[in-house]
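Survey of secondary and tertiary structure
The primary structure of each chain is shown beneath.
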Amino acid sequence: MSDEFVEMGPIDYVVVEFPGNRMTGEGFPLLVDLVDRGLIRILDLMFVRKEEDGSVVGLEIADLTGDGALDLAVFEGASSGLLGQDDIEEASTALEPGSSAGILVYENLWAAPFATALRRGGARLVASGRIPVPDVLAALDATDAARPSAP
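The structure displayed is predicted, hence computed values, not measured ones.

On to the overall build of the protein, then. Per the secondary structure count, the protein includes five helices and four strands. In the protein, the order of α-helices and β-strands from amino to carboxyl end is β-α-β-β-α-α-β-α-α. Out of the 151 residues belonging to the protein, those deemed buried represent 28%. Long-range pairs, those at least 24 residues apart, make up 81% of the contacts in the protein between residues at least 6 apart in sequence. Here the protein displays about 10300 Å² of accessible surface, and carbon together with sulfur accounts for 56% of that area.

Positive phi values are uncommon outside glycine, yet Asn21 reaches one of about 60°. Within the secondary structure, Asn21 is located in the loop between β1 (11-18) and α1 (28-36). For Asn21, a relative accessible area of 34% corresponds to the partly exposed category.

A separate point is the pairing of strand β2 (residues 40-50). Within β2, eight of the 11 residues are buried, leaving the element largely enclosed by the surrounding structure. Sheet topology places β2 next to strand β4 (residues 99-108); 10 bridges connect them, and they run antiparallel. Within the sheet, the bridge partner assigned to Lys50 lies in β4 and is Ser99. Taking the residues between adjacent antiparallel strands as the criterion, β2 and strand β3 (residues 56-59) are bridged by five residues, where Gly54 takes a positive phi near 95°.

Okay, the pattern of salt bridges next. Scanning the entire structure with this criterion turns up five salt bridges. A salt bridge links Arg37 to Asp33; its shortest N-O distance comes to 2.9 Å. Owing to a relative accessible area of 32%, Asp33 belongs among the partly exposed residues under this scheme. A salt bridge links Asp144 to Arg147; the shortest N-O distance between them is 3.1 Å. Note on Arg147: relative accessible area 53%, which makes it exposed.

Cut-offs applied
- Residues numbered from 1 in each chain as written.
- Predicted model: local features only at pLDDT ≥ 70, side-chain atom pairs only at ≥ 80, totals over all residues.
- Heavy atoms only, no water.
- Helix = DSSP H or I, 4+ residues; strand = E, 2+ residues; numbered from the N terminus.
- Buried < 20%, exposed > 50% of the residue type's maximum accessible area, 1.4 Å probe, protein only.
- Contact = heavy atoms within 4.5 Å.
- Areas by Shrake-Rupley, 256 points an atom, 1.4 Å probe, with all protein chains shown as cover.
- Pairing = 2+ DSSP bridges.
- Salt bridge = Lys/Arg side-chain N within 4 Å of Asp/Glu carboxyl O.

Structural data, given as structure tokens:
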């Protein structure tokens, strides 16, 4: 990748905990839909389990689909190599013992042309973050409560 302005969108990651190792798979069709519509590209998807003693073990997709309830075969091989052991250990610090998690690294394809144009123009991303949905809802509730009532 020698081209300084290769068209690439922002890269994000999420760690989703499944308390008690209960993974229903309800969100996976929506994830596939995001990929199919060209909104994101999955770079890495890994599943781990945090044992009661705090140790972390990787799970193969085949380990998760054994009962036939989940069909995760579409995610088999989703690995760019970006996720390393140190990333897995860091992600596991957020997990409760006895839980499993999915660690997802993805490119925001929808933003790639915009991000490339900014880079080409000399812009640099100097800060980034995400506001948790409960915080946004609480702030909106507080704003609504502070508004004077209509006469």
